[in-house]
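# Tertiary structure, described
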Amino acid sequence: MTDYQAMWEDLGMDLETHDQLCAVLPMAFGDTYLTQENRPEGMAFYDFVVSEIHGVRPAELIELQKQGGKVFGTFCVFVPDEVVVACGGAVTGLCGGSQFWVPEGEKVLPSGICPLIKASLGAHFGKTCPYFSVADMYVGETTCDGKKKAYEILGADKKTYVMDVPQMKRAKDIAAWKDEIALFADEVEAETGKELTAENLAAAIRTINEKRRALARVFEARKADPVPISGKDALLMMQIAFFDDPVRCAEMANKLADELEERIERGEGVVPAGTKRILITGTPLAIPNWKLHHLIETSGAVVVCEEMCTGTRYFENEVDEGADTLDGMFQALSERYMKNNCACFTPNPGRIEDVVRMAKEYQVDGVIDANLKFCTLYDVEKGSLADALAEEGIPCLGLETDYADNDAEQLRTRIGAFVEML
Ligand code: BJ8
């Protein structure tokens with residue numbers, strides 16, 4: 001394994017605390033992932049990325065910076081990667097998915113806020129995540145109240161640009177998001193020193209669409225019974241997609257999809273046909289948050305779909321490639337991104353329709369609606385989602401959890417009972 005100590009030191013990281021994190025991650029990964037049987041060979045790439053998670057990709061980003069490129073750290077799937085990629089920049093996801101970062105986050109935030117936000121700020125202020133350290137700037141967004149206010153705290157310490165996400169989906173909101181994308185483009189041009197043109201934006205739109213199509217192919221394969229890949233492995237692919245170079249991401253996902261399609265042809269699955277199939281919906285599962293998938297998949301069921309931002313919301317809906325002016329492309333980008341059914345919108349019937357549709361497409365036996373503690377947006381939608389699923393005769397289990405492990409046994413009991421009755 002390459003030694004990245006000097007790189008981390010150059011990034012100004014807290015090496016001692018970071019070492020503690022590096023000591024626990026491989027153990028967690030080994031117990032959760034490497035104990036699985038009959039994994040697709042294509043997962044070797046993702047296992048390698050995890051084994052060097054704080055090394056190999058940050059090193060590439062530093063190389064890009066040496067060549068004059070800029071790195072934009074983002075927290076939400078609303079930020080249009082296309083604009084950054086068009087200007088020769090790289091986007092890296094920054095959402096924190098580990099309890100390790102939470103106490104540090106609680107030093108600057110109230111404890112009654114969602115763990116994703118606390119972990120993200122904890123990773124920044126504790127200087128224990130190279131992705132935060134390497135980013136030239138952060139890009140936030142006005143989705144939920146917690147994130148909105150957290151960006152003020154982050155912004156006092158590092159350049160943070162905030163995009164104003166509309167809270168409704170009327171025509172005027174789509175027009176407003178288009179204007180926001182145009183303003184963001186000005187910011188990206190200023191930061192990168194590169195002009196955004198119809199040519200480079202069109203090329204970037206094609207690149208990101210290809211990535212979406214590749215990820216979608218893997219999900220398509222999960223509709224088969226027996227399912228050719230575990231939910232844990234598919235989740236890992238998605239989590240890594242937020243960090244990786246988009247071209248390589250598409251290449252590796254396509255390779256994995258090829259293998260899964262061959263498995264389907266042979267009738268080969270990771271679990272026997274007829275294993276209870278679960279769709280999980282709710283708040284995102286940022287790396288290394290594998291807790292629920294692990295509990296479900298060690299309770300006799302298999303996760304076949306995630307209706308969440310670390311799932312279908314990340315790749316569904318392509319950007320229309322028909323426009324040939326910047327203005328037309330901003331419109332196409334706005335239309336695509338505004339199709340995301342995040343619970344920050346009111347009303348938000350699209351998410352419920354999506355869950356019902358996907359429950360059928362992926363032939364699921366039950367839905368688990370998983371909510372991170374203190375996320376009001378998704379918590380409030382629980383009721384209407386449960387009602388809609390009940391009407392369709394689809395069993396649903398609502399869960400609330402955070403990153404700590406102390407509720408694992410209680411969750412296991414509830415999940416086990418749910419799977420049993422399916
Ligand atoms: S588009 S889901 S990535 S906002 S879990 S921080 S909402 S309190 S993450 Fe999200 Fe964008 Fe929406 Fe997707 Fe707030 Fe809720 Fe925490 Fe959340």
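Going by the structure above, here's the rest.
Residues numbered from 1 in each chain as written. Predicted model: local features only at pLDDT ≥ 70, side-chain atom pairs only at ≥ 80, totals over all residues. Heavy atoms only, no water.

Moving on, we come to unusual backbone geometry. Glycine aside, the phi torsion of most residues is negative, and most peptide linkages are trans. The omega angle of the peptide bond from Asp-225 to Pro-226 is 5 degrees, so this bond is cis rather than trans. Relative to the assigned elements, Pro-226 resides in the loop between helix H11 (198–221) and helix H12 (231–241). With omega at -10 degrees, the peptide bond leading from Thr-346 into Pro-347 counts as cis. The phi dihedral of Asn-317 falls on the positive side, at around 70 degrees, and the residue is not glycine. Within the secondary structure layout, Asn-317 lies in the loop between helix H15 (312–315) and helix H16 (326–337). Looking at Asn-317, the relative accessible area reads 34%, which means it is partly exposed. Phi is positive for Phe-374, which is not a glycine, with a value near 75 degrees. Residue placement: Phe-374 occurs in the loop between strand E7 (366–372) and helix H18 (376–391). (Helix = DSSP H or I, 4+ residues; strand = E, 2+ residues; numbered from the N terminus. Buried < 20%, exposed > 50% of the residue type's maximum accessible area, 1.4 Å probe, protein only.)

This paragraph deals with the sheet that holds strand E5 (residues 276–282). An order of E6-E5-E7-E8 is seen for the 4 strands of this open sheet, with the pairing classed as parallel. The sheet is open, and its two borders are formed by strand E6 (301–307) and strand E8 (396–401), each paired with just one other strand. In this sheet, adjacent strand axes meet at a mean angle of 30 degrees when their direction is disregarded. For E7 and E8, the ladder comprises 6 bridges, and the chain directions are parallel. (Pairing = 2+ DSSP bridges. Axes fitted to C-alpha atoms, helices over the stretch in contact; angles between N-to-C directions.)

Take the nonpolar core next. Of all hydrophobic cores here, the largest spans 106 residues; its most connected members are Tyr-46, Leu-215, Leu-236, Met-237 and Ile-415. Setting aside residues up to four positions removed in sequence, Ile-415 forms contacts with Leu-292, Leu-295, Ile-296, Ser-299, Ile-368, Leu-397 and Leu-399. Within the second largest apolar cluster, 38 residues are counted, among which are Cys-76, Ala-198, Leu-201 and Met-338. (Core = buried A, V, L, I, M, F, W, Y, C linked by side-chain atoms within 4.5 Å. Contact = heavy atoms within 4.5 Å.)

What follows is about the pattern of salt bridges. What the rule picks out here adds up to 36 salt bridges. A salt bridge links Glu-187 to Lys-159; its shortest N-O distance comes to 3.3 Å. Of this pair, Glu-187 sits in helix H10 (residues 171–192) while Lys-159 sits in the loop between helix H9 (145–155) and strand E4 (160–163), and the two are 28 residues apart along the sequence. For Glu-187, a relative accessible area of 19% translates into the label buried. In this structure Lys-159 comes out as partly exposed when scored by relative accessible area, which is 41%. Arg-313 serves as the salt-bridge partner of Glu-307, at 2.8 Å between the closest nitrogen and oxygen. A relative accessible area of 6% means that Arg-313 is categorised as buried. A single network of salt bridges, built from pairs that share partners, joins Glu-220, Lys-223, Glu-316, Asp-354, Arg-357 and Glu-361. (Salt bridge = Lys/Arg side-chain N within 4 Å of Asp/Glu carboxyl O.)

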